[in-house]
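# Residue-level structure breakdown
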Amino acid sequence: MRWDAGRAVIIGLALGWCVVCGQATGPAWGMGERPPMAGMAAQEFVLPDLKGGAHTLSQYRGNIVLLNFWATWCKPCTTEMPAMQAAHERLRDDGFVVLAINELEDDQQVAEHIRAHGHTFPVLMDRHNRVANQYGVFGLPVSVFIDEAGVVTEYIKGGLLTEQKIHDVVKRIKAHAGQPLAVSTR
């Protein structure tokens, strides 16, 4: 059988369709999609929390959302979590939500880490790495800020979040409601 470009395209489209339709089974170990750009609609997802409850991105519409992709073994991830906790406590009554999305780790290990550090923001379990792939996550930590309308406003790869940086981004989002901000790759 001869493999030509046409067959390769057909096979690629079929495999892509399986992923889009949710027909693919097992972990999504492949490389992620392209990171979202400022001004793009944030992609919907459904993930369980540590107690088994389902969370969707759309349930937080009307709030500014920080998606933070992390793992317990990632030192920069765990270093920035106290700032996320402080921002969560300080800004949650103003419509700010932190969703910490753990990649591929055991629920018990993650729960122990969260309990030991006293974090109270929602921790979601991306057990098959699908949401991380959907958001183009390659390397940790990655933070994605989403405005009240569900639009990506900032994408920060590998940058250490501080409480002041989070506060500044939230302030810019509120000041520029409806206008996309520049993508940050710090």
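Residues numbered from 1 in each chain as written. Predicted model: local features only at pLDDT ≥ 70, side-chain atom pairs only at ≥ 80, totals over all residues. Heavy atoms only, no water.

## Overview of the overall build of the protein
In terms of regular secondary structure, the protein is built from five helices and seven strands. Order of helices (α) and strands (β) in the protein, N terminus to C terminus: α-β-β-β-α-β-α-β-α-β-β-α. For the protein, restricting intrachain contacts to residue pairs at least 6 apart in sequence, the fraction spanning at least 24 positions comes to 71%. (Helix = DSSP H or I, 4+ residues; strand = E, 2+ residues; numbered from the N terminus. Contact = heavy atoms within 4.5 Å.)

## Things to note about the pattern of salt bridges
Close approach of charged atoms lets side chains of opposite charge pair. Under the defined criterion, the tally for this structure stands at four salt bridges. Close ionic contact of R90 with E163 constitutes a salt bridge, the shortest N to O distance being 3.3 Å. With R90 in helix 2 (residues 75-91) and E163 in helix 5 (residues 163-175), the pair connects residues that are 73 residues apart, well separated along the chain. Look at R90 and you get partly exposed, because its relative accessible area is 45%. On the accessibility criterion, E163 (28% relative accessible area) is partly exposed. (Salt bridge = Lys/Arg side-chain N within 4 Å of Asp/Glu carboxyl O. Buried < 20%, exposed > 50% of the residue type's maximum accessible area, 1.4 Å probe, protein only.)

## Some points on the environment of E89
Assignment of secondary structure puts E89 in helix 2. Separated by 32 residues in sequence, E89 and F121 place their C-alpha atoms 8.6 Å apart. Side-chain polar atoms of E89 contact the side chain of Q85, separated by 2.7 Å. (Polar contact = N/O pair within 3.5 Å; in protein donor to acceptor, adjacent residues only side chain to side chain.)

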